[in-house]
Every structure is written in structure tokens, then in C-alpha cells.
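# Tertiary structure, described
As a plain string of letters, each chain reads:
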Amino acid sequence: MDFKHEPVMVTELISWLNCRPGGVYIDCTLGGGGHAQAILERISPGGHLIGIDRDPAALDAARRRLAPFKDMVSIIQGNYRDLKSLLAPFKLEKIDGFVFDLGVSSHQLESPDRGFSYQQDGPLDMRMNPQEGQTASDLVNGLSEDALAGIIQKYGEERWAKRIAQFIVQARRQKPLKTTGQLVEVIKAAIPAGARRRGPHPARRTFQALRIAVNDELNSISPSLKAAVELLTPGGRLGAISFHSLEDRIVKQTFRELARGCTCPPKLPVCVCGKQPQLQILTRRPIGPTSGELERNPRARSAKLRVGAKLAVVLKREVGE
Ligand SMILES: C[S@@+](CC[C@H](N)C(=O)[O-])C[C@H]1O[C@@H](n2cnc3c(N)ncnc32)[C@H](O)[C@@H]1O
């Protein structure tokens, strides 16, 4: 099966990242290599792109796509939460930009055998790295009703979370839920018919929630963005694309925290907290896709791009500053 994923806001990302020949960029969510290819075209000649992804199938696709760039590209399997240790062996002298294109690829979502899809039946898996961790089936069959309701509520913002958890627990008493199709039927039974007729597919929120829990998607975003900013060369850029409000909130708050710096009361003559602003936020409001892109790729509709530039370190705050 070909790798199907249309990268979002490519033109915007490339321009905000300030890609120039000779640049060194890290794509922390390489996927099929769509953004990476566009970056490589801009940083050629002399540039270097390191692509990271936790999904071996994505890496295979990216390797094929990026082969023409030869030794300008390095591809590694890993989780971006380990950014510093993944990059350490490269002994990079500078890093001009980082990309985080968060969440899952269309390829992952639409491959029935990966178990992310509520539209097509498949094993209830949802692991981005199929060699690691618990599957969605493990969670659905193993967690308590309260824990399931909590996940569906918190990560899916699903108003019927409690009922869905209750129905899952009832259903698994008969037999374990092993397929996406079985889970979809349980969710449909749990959501009252009137509510099911409105809005998106009734299983969308629960599937999003389980996917986030299985892959521990949200907890590593903020620490990884902070690690990226530490590693950036002053003036280097950090671009993060999010696809739902939970992700965007984390990106926004982390950018603000990195931009804030000293939090000492103004009457103190010297800084005692030692915090310095590390990032200049370049996008006051997040950038969204153009209407042309939305027509071509409706999946881009919820995408938001935020970009910051690494600030040079100021060694100390002067009295009266
Ligand atoms: C939206 S897709 C990226 C698509 C890519 N920008 C492109 O142009 O094809 C997100 C990718 O990030 C990967 N991913 C998600 N969380 C990750 C993590 N914590 N560490 C490494 N890769 C991750 C997923 O496996 C997926 O391939």
C-alpha cells in the first residue's frame, strides 16, 4: 500500500522556518517525509535534515521518498520525547529549525490493520510503534470503568464518556473487544440516537481519546518543545502544527512559558528566579491553511501552525533594567 499523507501548510512552514541553503533542520515527526522533502529542497546544497519517527512503516516510506537527497538526510526511529539522546550522536554544531507536525498521519488513520480507523474494521491496536507498549484493546479490556471514562472524557472531550465506558464494560463481560468494528458498535449503542444524528461520526471522539492514551501523545509535547528550544541555535526556528484543541493548548502554553522569562516581582533590583526568555513568539495567532489548501485537503481544516525563534541568552539582568 502506498503511503498516503498530504502534508499540511507546506509553503507556510517552509517560509516561517526560514529555510536556506546549508541549513540544519530536525523533523521530529517525519511521517512519509512530505515536509522533510520541501525543507530539503530549500536547504540544498549543503544542508542536513534529520528525520525522526516512532513508526517503522512511516520511516520506510520516508526513506524511499527522500533517497534522492542521499547523505543530506539521516533517518532515525525513535520517540521525540528522547530528542536530546537521539540527536547527541550527530554532534551537531548548529540547528536552524525544528518541526513538530503533531498527531497521526492519514496513512496511519486509514490503514485498517493499524486499528486507528472507526470507518474500517481491523484489530483494535492504535500503536504508532507496533513494537512497543499496550494496544487499544489492552486498555479497553483491562482498564476499570472509571479509568476508561476518564480517558474518553479528558482526551476525547466526549460528553457521553461515562455511558460509553459503562457499555464497554458490559460488552467485554460477554467477550473481549478485539476489533475496531466491535468497539464502534458498542459506542453507537451507548450514545442516544438523537445525539448520534448530529455532528461527526459517533466514535470519533472515543477513538481520538484511546489513540492519545495508547501513544501517550500529550505528555511528551511540552518537554520536547522545551528540549528543542534548548538545542536550537540563537535565531533558529521552532514550528509546531497541531490538529486539535488539546494539542494546540499545550503548544500555546509552552510557547508562552518559554517567552516569559523572569517572573521576579518588578521591585526586586536583581533577578532571583534566573529564568530568561528563550523564545520569541513569531505567530501571535496561529496560522491556518488557505481556502485553496482546504479544498484540496479537508483534513487540514483543524491544523494550526505556531512558530517561535530562539533568543540569544542574556547573561544577567542589570539593576534597574
Ligand atoms: C502528522 S504525521 C507527520 C507527517 C509528516 N509531516 C509528513 O509530511 O508526511 C505525524 C507523525 O508523527 C509521528 N509521531 C507522533 N508522535 C511521535 C513521537 N512522540 N515521536 C516520534 N514520532 C511521533 C507519527 O508516527 C506520524 O508519522
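Description of the structure in this document. (Residues numbered from 1 in each chain as written. Predicted model: local features only at pLDDT ≥ 70, side-chain atom pairs only at ≥ 80, totals over all residues. Heavy atoms only, no water.)

Let's shift gears to the overall build of the protein. Scanning the protein from terminus to terminus reveals 14 helices and seven strands. Computed over C-alpha atoms, the radius of gyration of the protein comes to 21 Å, within 12% of the 20 Å expected from 2.2 N^0.38 for 321 residues, which places it in the range of a compact globule. Along the longest, intermediate and shortest principal axes, the C-alpha atoms of the protein span 70 × 55 × 40 Å. In the protein, which comprises 321 residues, the share counted as buried stands at 50%. Of the contacts formed within the protein by residues at least 6 apart in sequence, a portion of 70% connects residues at least 24 apart. Element-wise, carbon and sulfur atoms account for 50% of the exposed surface of the protein, whose accessible area totals about 15800 Å². Counting 47 positive and 34 negative side-chain charges, the protein places the averaged centre of each group 6 Å from the other. (Helix = DSSP H or I, 4+ residues; strand = E, 2+ residues; numbered from the N terminus. Rg over C-alpha atoms; globule rule 2.2 N^0.38 Å. Buried < 20%, exposed > 50% of the residue type's maximum accessible area, 1.4 Å probe, protein only. Contact = heavy atoms within 4.5 Å. Areas by Shrake-Rupley, 256 points an atom, 1.4 Å probe, with all protein chains shown as cover. Lys, Arg positive; Asp, Glu negative; His and termini not counted. Charge placed at Lys NZ, Arg CZ, Asp CG, Glu CD.)

Before going further, it helps to spend a moment on the site of the ligand. Taken together, 23 residues sit near the ligand, with His35, Asp53, Asn79, Tyr80 and Asp101 positioned nearest. Interatomic distance of 2.9 Å between a side-chain N/O atom of Asn79 and a nitrogen atom of the ligand. Between the ligand and Asp101 there is a distance of 2.7 Å, counted from a nitrogen atom to a side-chain nitrogen or oxygen. When the free accessible area of the ligand is taken as 600 Å², the share hidden by the protein chains comes to 99%. Here the residues of the shell around the ligand sort into seven nonpolar, 12 polar and four charged. (Near = heavy atom within 4 Å. Polar contact = N/O pair within 3.5 Å; in protein donor to acceptor, adjacent residues only side chain to side chain. Nonpolar A, V, L, I, M, F, W, Y, C, P; charged D, E, K, R; others polar.)

Now for the sheet that holds strand E2 (residues 48-53). Strand order in this open sheet of seven strands is E3-E2-E1-E4-E5-E7-E6, and the pairing throughout is mixed. Of all the strands in the sheet, just strand E3 (73-77) and strand E6 (279-281) have a single pairing partner and so form its edges. On average, adjacent strands in this sheet sit at an angle of 20° to one another, irrespective of strand direction. Lying on the sheet, helix H3 (residues 56-66) is in contact with E2 and E3; it crosses E3 at an angle near 170°. Contacting strand E4 (97-101), strand E5 (237-242), E6 and strand E7 (304-310), helix H12 (residues 221-231) runs over the sheet at an angle of about 165° to E4. (Pairing = 2+ DSSP bridges. Axes fitted to C-alpha atoms, helices over the stretch in contact; angles between N-to-C directions.)

With that settled, consider the side chain of Asn79. Among the secondary structure elements, Asn79 is positioned in the loop between E3 and helix H4 (83-87). Asn79 has contacts with Arg54 and Leu86, leaving out every residue within four places of it along the chain.

This model, assessed by the stated rule, comprises 11 salt bridges. Linking Arg211 and Glu217 is a salt bridge whose minimum nitrogen-to-oxygen distance equals 2.7 Å. Comparing Arg211 with Glu217 shows no difference in burial state: the two are buried. Put simply, Asp248, Lys304 and Arg306 are held in one network by salt bridges that share partners. (Salt bridge = Lys/Arg side-chain N within 4 Å of Asp/Glu carboxyl O.)

On to unusual backbone geometry, then. With an omega of 0°, the peptide bond running from Ser44 to Pro45 counts as cis. Secondary-structure assignment places Pro45 in the loop between helix H2 (34-43) and E2. One non-glycine residue, Asn18, lies in positive phi territory at about 60°. Its place among the elements puts Asn18 in the loop between helix H1 (10-16) and strand E1 (24-27). At Lys70, a position not held by glycine, the phi torsion is positive, near 50°.

This part covers the state of the cysteines. Scanning the entire structure with this criterion turns up zero disulfides. Cys28 supplies the cysteine sulfur nearest to Cys19, a cysteine that is in no disulfide, at a spacing of 14 Å. (Disulfide = S-S within 2.5 Å.)

Bringing the nonpolar core into the picture now. Counting residues in hydrophobic clusters, the biggest one holds 33 residues, and the most contacted among them are Leu83, Phe98, Phe100 and Leu238. Excluding residues that lie within four positions of it along the chain, Leu83 makes contacts with Cys28, Ile52, Phe98, Phe100, Ser224, Ala227, Ala228 and Leu231. Counting 30 residues, the second largest nonpolar core, distinct from the first, contains Leu124, Ala136, Ile152 and Ile187. (Core = buried A, V, L, I, M, F, W, Y, C linked by side-chain atoms within 4.5 Å.)

Moving on, we get to a positive patch on the surface. Together, Lys252, Arg256, Arg260, Lys275 and Arg284 make up a region of like positive charge exposed at the surface. Along the chain, Arg284 turns up in the loop between E6 and helix H14 (291-296). (Patch = residues over 30% accessible without salt bridge, like charges linked within 9 Å, V, L, I, M, F, W, Y side chains within 5 Å.)

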